[in-house]
Amino acid sequence: MTSKVDEALGYEQARDELIEVVRRLEAGGTTLEESLALWERGEELAKVCRRWLEGARARLDAALAEEEPDSGDGDEGRDSE
């Protein structure tokens, strides 16, 4: 479960920290306990990023739905060939 601090992170902050966690895991040289803690932190950060991206997708979908009202002309899915 993500903490209140994690929920307050912006997308870029969470992404940058996630990149650093992955870099440290890939570099090795950490104990098993440190590696597990890093992995758990990475999972939390990935959830934060996913939530931001899902929110952005929902906003884009809503904006596109407002721009393009359903015209009902049946052209959806038709190839332009």
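Procedures and definitions
- Numbering of residues starts from 1 in every chain and runs along the sequence as written.
- This being a predicted model, a pLDDT of at least 70 is required before a residue's local features are given, and a value of 80 or more before pairs of side-chain atoms are given or counted; all residues contribute to the totals for chains, interfaces and linings.
- Processing note: side-chain calculations cover all non-hydrogen atoms of the structure and skip hydrogens and water entirely.
- Each helix is a run of DSSP H or I of at least 4 residues and each strand a run of E of at least 2, with the numbering of both proceeding from the N terminus.
- Between buried and exposed lies partly exposed: a residue is buried under 20% and exposed over 50% of the maximum accessible area for its type, with that area taken using a 1.4 Å probe on protein chains only.
- Any two residues having at least one pair of non-hydrogen atoms within 4.5 Å are treated as being in contact.
- A residue's pLDDT is the confidence the predictor assigns to it, expressed on a 0 to 100 scale.
- Angles shown run from 0 to 180 degrees and are taken between the N-to-C directions of axes, each axis being a line fitted to C-alpha atoms and, for helices, limited to the stretch in contact.
- The scheme is simple: roughly parallel for angles under 35 degrees, roughly antiparallel for over 145, roughly perpendicular for 65 to 115, oblique for anything else.
- Crossings are classed by handedness, with left-handed meaning an anticlockwise turn of the near helix from the far one by less than a right angle and right-handed meaning a clockwise turn.
- Only Asp, Glu, Lys and Arg are considered charged, only Ala, Val, Leu, Ile, Met, Phe, Trp, Tyr, Cys and Pro nonpolar, and every remaining residue, Gly among them, polar.
- By definition here, a salt bridge exists when the distance from a side-chain nitrogen of Lys or Arg to a carboxyl oxygen of Asp or Glu is within 4 Å.

1. Considering the environment of Glu17
The residue Glu17 is located in helix H2 (residues 11-27) in this model. Take Glu17: its relative accessible area is 31%, and that puts it in the partly exposed class. With 24 residues separating them along the chain, Glu17 and Arg41 place their C-alpha atoms 9.2 Å apart. Contact partners of Glu17, with chain neighbours within four places excluded, come to Leu9, Arg41 and Leu45.

2. Focus on the confidence of the model for the protein chain
Taken over all residues, the pLDDT of the protein chain has a mean of 87, while the share at 70 or more is 77%. Mean pLDDT values over the elements of the protein chain span from 72, in helix H1 (residues 4-8), up to 97, in H2.

3. As for the packing of H2 against helix H3 (residues 32-67)
In the contact formed by H2 and H3, the axes pass within 9 Å of each other and the chain directions differ by 150 degrees. Considered as vectors, H2 and H3 are oriented roughly antiparallel to each other. By crossing handedness, the relation of H2 to H3 is classed as left-handed. Together, Tyr11, Ala14, Arg15, Glu17, Leu18, Val21, Arg24 and Leu25 of H2 and Ser35, Leu38, Trp39, Arg41, Gly42, Leu45, Ala46, Val48, Cys49, Trp52 and Leu53 of H3 make up the contact between the two elements. Of the residues that constitute the contact of H2 with H3, the class distribution is 13 nonpolar, two polar and four charged.

4. Looking at the pattern of salt bridges
In this structure the tally under the stated criterion is five salt bridges. The residue Arg15 makes a salt bridge to Asp16 at a minimum N-O spacing of 3.1 Å. Given the relative accessible area of 32%, Arg15 is considered partly exposed. Here Asp16 falls in the partly exposed class, since its relative accessible area comes to 42%. With a closest N to O distance of 2.5 Å, Glu20 and Arg23 form a salt bridge. Remark: Arg23 and Glu20 occur in helix H2; sequence separation between them is three residues, near one turn of the helix. Assessed through its relative accessible area of 35%, Glu20 is described here as partly exposed. A residue is classified by how much of its surface remains accessible, and Arg23, at 44% relative accessible area, is partly exposed.

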